[in-house]
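Given next are the chains, with one letter for each unit.
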Amino acid sequence: MVRYKSEILLVKHSYDRSWNLPGGAYRPKRETPESASKREIFEELGIRLSKLRLIDSGVSVKEFKKDHIKIYLAVFSSKPDLTLGHELVAAQWFRQDRLPQQTASIVKQIKN
């Protein structure tokens, strides 16, 4: 989760209609979940992250697939410039108390 003041950054992937947190899969034999988060954010948005804090973890079952999810928080003091990667069709800042209707359920469950 990328945060600036009371806003969080959500993305739309080309393969999904809902607004979601930026991120993706990690390669357990080659990287940690934290380093994968940094890599994914850079690939998707062109943002380099340094300090992350683990704020949530759990298991998601979607389309008969079980994924272990870790959500890290990166807080910015100014809005970073964004460069959309090839998998994204949109990225937008939203107040956490005013999320769009088509927001992934996992985003709505996060209280941080």
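First things first, this report covers the structure right here in the doc.

Rules used in this analysis
Residues numbered from 1 in each chain as written. Predicted model: local features only at pLDDT ≥ 70, side-chain atom pairs only at ≥ 80, totals over all residues. Heavy atoms only, no water. Core = buried A, V, L, I, M, F, W, Y, C linked by side-chain atoms within 4.5 Å. Buried < 20%, exposed > 50% of the residue type's maximum accessible area, 1.4 Å probe, protein only. Helix = DSSP H or I, 4+ residues; strand = E, 2+ residues; numbered from the N terminus. Contact = heavy atoms within 4.5 Å. Pairing = 2+ DSSP bridges.

## Focus on the nonpolar core
Okay, step 1: Core analysis: the biggest nonpolar cluster contains 14 residues, and Val-2, Leu-9, Leu-45, Ile-47, Leu-49 and Phe-76 have the highest contact counts within it.
Okay, step 2: Looking at this core, the elements that each hand over two or more residues are strand 1 (2–4), strand 2 (7–13), helix 1 (33–45), strand 4 (65–76) and strand 5 (88–95).
Okay, step 3: With three residues, strand 4 is the largest single contributor of residues to this core.
Okay, step 4: Setting aside residues up to four positions removed in sequence, Phe-76 forms contacts with Val-2, Arg-3, Tyr-4, Lys-5, Ile-47 and Leu-49.

## Some remarks on the pairing of strand 2
Okay, step 1: Counting buried positions along strand 2 gives seven out of seven residues, so the element sits mostly inside the fold.
Okay, step 2: Here strand 1 pairs with strand 2 via two bridges, running antiparallel. In the sheet register, Tyr-4 faces strand 2, and the bridge partner there is Glu-7.
Okay, step 3: Here strand 1 folds back onto strand 2 in antiparallel fashion, the turn holding two residues, of which Lys-5 has a positive phi close to 55°.
Okay, step 4: Bridge count between strand 2 and strand 5: seven bridges; the pairing is antiparallel. Counterpart to Leu-9 in the pairing with strand 5 is Trp-93.

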